[in-house]
Amino acid sequence: MLVRTRLEDRGIRPEDILPETGPVLVSTTIPDDVYVNAVTDAGLSSINLPTTYPLDGRGRIIAHRVCQPVGQLAWDNKERGIACRPATRDAPANGEELAYFSRQKLRVQRIEQFATWFS
């Protein structure tokens, strides 16, 4: 799955980035494994996040400071990563993302320069 970060959401316009200094897209294969469940309502409840995640009860994006302790606990418990619902504005309603904890080195399959993958 290709995940594109909206640079505009970070106050960066693509034309502000020199092609040779921009972020690169690294393709790899993530192993099938068991990850912390932040996708289903039951999984979210088990990690004390609301079932409305990534939104709170008022429809606002849940702050990083709320989610960071969940990530830290998963890391401390030697979990492999966290599967979660995407918070990106344009993400499909049933989409999923994976915060993969790099406990093992992944094989790089392809690297694409910024000017290639962002266009």
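### Considerations on the pattern of salt bridges
A side chain with one charge can pair with a side chain of the opposite charge if their charged atoms come near. Across all of its chains, the model carries four salt bridges by this definition. A salt bridge links D41 to R85; the nearest nitrogen and oxygen atoms lie 2.7 Å apart. Taken together, the positions of D41 in helix α1 (residues 41-46) and R85 in the loop between β3 (81-84) and β4 (97-100) put the pair 44 residues apart, joining distant regions of the chain. Residue classification places R85 among the buried positions, given a relative accessible area of 19%.

### What to know about a nonpolar patch on the surface
Judged by side-chain polarity, V24, V26, V108 and I111 come together as a nonpolar surface patch covering roughly 310 Å² of accessible area. Note that V108 resides in the loop between β4 and β5 (110-112). Note on V108: relative accessible area 44%, which makes it partly exposed.

### Details of the environment of R60
Along the chain, R60 falls in the loop between α1 and α2 (64-76). Owing to a relative accessible area of 45%, R60 belongs among the partly exposed residues under this scheme. In this structure, R60 is in contact with P54 and L55, ignoring residues within four places of it in sequence.

### A few points about the sheet that holds β4
Reading across the sheet, the three strands line up as β2-β3-β4 and stay open at both edges, with mixed pairing between neighbours. The open sheet terminates on both sides in strands that have one partner only, identified here as β2 (36-38) and β4. Averaged over all pairs of adjacent strands, the angle between their axes in this sheet comes to 20°, without regard to strand direction. In this sheet, β4 lies alongside β3 in antiparallel orientation, the contact comprising four bridges. Bridge pairing in β4 links A83 to L98.

### Structural notes on the confidence of the model for the protein chain
Residues of the protein chain with pLDDT of at least 70 account for 88%, and the chain-wide mean is 85. Per-element confidence in the protein chain ranges from a low mean pLDDT of 80 for helix α3 (residues 114-117) to a high of 97 for β2.

### Looking at unusual backbone geometry
For the bond from Y53 to P54, the omega torsion is 15°, close enough to zero to count as cis. Turning to its location among the elements, P54 is positioned in the loop between α1 and α2. Positive phi is not limited to glycine here, since N48 has a value of about 60°. Tracing the sequence through the fold places N48 in the loop between α1 and α2. Here N48 falls in the exposed class, since its relative accessible area comes to 71%. Although it is not a glycine, K78 adopts a positive phi angle of roughly 65°. Assignment of secondary structure puts K78 in the loop between α2 and β3.

Parameters at a glance
Residues numbered from 1 in each chain as written. Predicted model: local features only at pLDDT ≥ 70, side-chain atom pairs only at ≥ 80, totals over all residues. Heavy atoms only, no water. Salt bridge = Lys/Arg side-chain N within 4 Å of Asp/Glu carboxyl O. Helix = DSSP H or I, 4+ residues; strand = E, 2+ residues; numbered from the N terminus. Buried < 20%, exposed > 50% of the residue type's maximum accessible area, 1.4 Å probe, protein only. Patch = residues over 30% accessible without salt bridge, like charges linked within 9 Å, V, L, I, M, F, W, Y side chains within 5 Å. Areas by Shrake-Rupley, 256 points an atom, 1.4 Å probe, with all protein chains shown as cover. Contact = heavy atoms within 4.5 Å. Pairing = 2+ DSSP bridges. Axes fitted to C-alpha atoms, helices over the stretch in contact; angles between N-to-C directions. pLDDT = per-residue confidence, 0-100.

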